[in-house]
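Chains, contacts and geometry: an overview
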Amino acid sequence: MRIDIISVLPELIKSAFEHSIIKRAIDKGLVEVHFHHLRDYAINKYGKIDDAQYGGGAGMVLMIEPIDKCIRQLKSERDYDEIIYMTPDAEVFNQQTANTLSLKENFIILCGHYKGIDQRVRDLFITKEISIGDFVLSGGELAAAVFCDSIIRLIPGVLGDETSALSDSFQDDLLAPPIYTRPSEYKGEKVPEILLSGNFPKIEEWRNEKALERTKAIRPDLLKPTLPTKKSIKD
Ligand code: ADE
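A brief report on the enclosed structure follows. This structure is a prediction, so every number in the text was calculated from the model and none was measured.

What follows is about the pairing of strand β6 (residues 106–111). Within a regular strand, side chains alternate between the sheet's two faces. With six of its six residues buried, β6 lies for the most part within the structure. Across the two faces of β6 the burial is the same, with Asn106, Ile108 and Leu110 and Phe107, Ile109 and Cys111 all buried. Looking at chain direction, strand β1 (residues 2–7) and β6 are connected through five bridges and run parallel. Within β6, the residue paired with Ile5 across the bridge is Ile109. Strand direction decides the pairing type here: strand β5 (residues 82–92) and β6, joined by five bridges, are parallel. Bridge pairing links Ile84 to Ile109 in β6.

Between side chains of opposite charge, pairing is possible as soon as their charged atoms come close. For the coordinates displayed, the defined rule picks out 16 salt bridges. Linking Lys69 and Glu65 is a salt bridge whose minimum nitrogen-to-oxygen distance equals 3.4 Å. Taken together, the residues span about one helical turn, with Lys69 and Glu65 both in helix α3 (residues 64–77) at a distance of four residues. Two residues, Glu77 and Arg78, come together in a salt bridge whose shortest N-O distance is 3.4 Å. You can call Glu77 partly exposed: its relative accessible area is 43%.

Attention now moves to the nonpolar core. In terms of nonpolar packing, the biggest core is built from 30 residues, with Ile3, Ile5, Ile109, Phe147 and Ile152 touching the most fellow members. Those elements that place two or more of their residues in this core are β1, α2 (20–27), β5, α4 (95–101), β6 and α6 (141–152). The element that contributes the greatest number of residues to this core is α6, accounting for seven residues. The contact partners of Ile152, leaving out residues within four places of it in the chain, are Ile3, Phe17, Ile22, Ala25, Val31 and Val158.

The rules behind each value
Residues numbered from 1 in each chain as written. Predicted model: local features only at pLDDT ≥ 70, side-chain atom pairs only at ≥ 80, totals over all residues. Heavy atoms only, no water. Buried < 20%, exposed > 50% of the residue type's maximum accessible area, 1.4 Å probe, protein only. Helix = DSSP H or I, 4+ residues; strand = E, 2+ residues; numbered from the N terminus. Pairing = 2+ DSSP bridges. Salt bridge = Lys/Arg side-chain N within 4 Å of Asp/Glu carboxyl O. Core = buried A, V, L, I, M, F, W, Y, C linked by side-chain atoms within 4.5 Å. Contact = heavy atoms within 4.5 Å.

It is worth stressing that arrangement in space is one thing and function is another; only the former is reported here.
Put into structure tokens, the structure is as follows:
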């Protein structure tokens with residue numbers, strides 16, 4: 001996978017790729033991440049990349065020309081599967097979208113800043129718009145870091161234990177069950193007996209039960225209503 005990130009503040013996002021699992025994925029050559037400073041494509045020698053919005057209103061808008069130049073440059077070098085714009089006014093990102101996008105090869109991610117970007121960029125270049133939640137950040141950089149982390153960890157070979165990405169919260173529309181490690185008792189607080197039993201089918205059953213309990217309590221919206229069976233209709 002190759003990810004090209006276009007931003008006015010690449011320094012803000014770089015460190016997200018310099019640690020732990022994501023760094024290892026880069027070191028192993030499973031993903032390449034390249035940063036492009038929008039100011040390198042400025043419209044004048046003073047580094048101009050934004051301007052006031054037509055029709056009036058607070059906040060500067062990123063201009064089409066620098067973004068056009070940067071995206072065209074990248075597209076002349078290779079094909080991209082998606083050109084993604086990080087913005088709060090978009091479809092909200094979830095695990096299903098992460099799974100789908102983790103199968104792609106090349107992305108450009110454009111981070112918005114200030115008031116946003118000229119609509120013509122969205123109309124002409126962007127293939128997918130992503131929000132990481134119903135709240136507004138100061139720019140798309142932190143959102144892009146969250147997005148990249150969630151898809152990079154799904155690339156085969158990135159996580160040591162191949163199954164651990166599949167057992168994450170949300171992978172089966174359930175929150176994760178409780179987990180414990182040593183000691184088995186701390187100040188009278190005990191690890192559930194079943195986890196020490198070595199009975200793996202029973203442990204699996206317990207985990208499923210707990211995941212369901214937690215989901216019902218905290219995120220009931222994740223539990224889709226089951227379709228009625230023939231038997232339940234007859235009853
Ligand atoms: N830029 C600002 N807020 C954002 C959000 N919630 N998601 C994605 N990009 C953003």
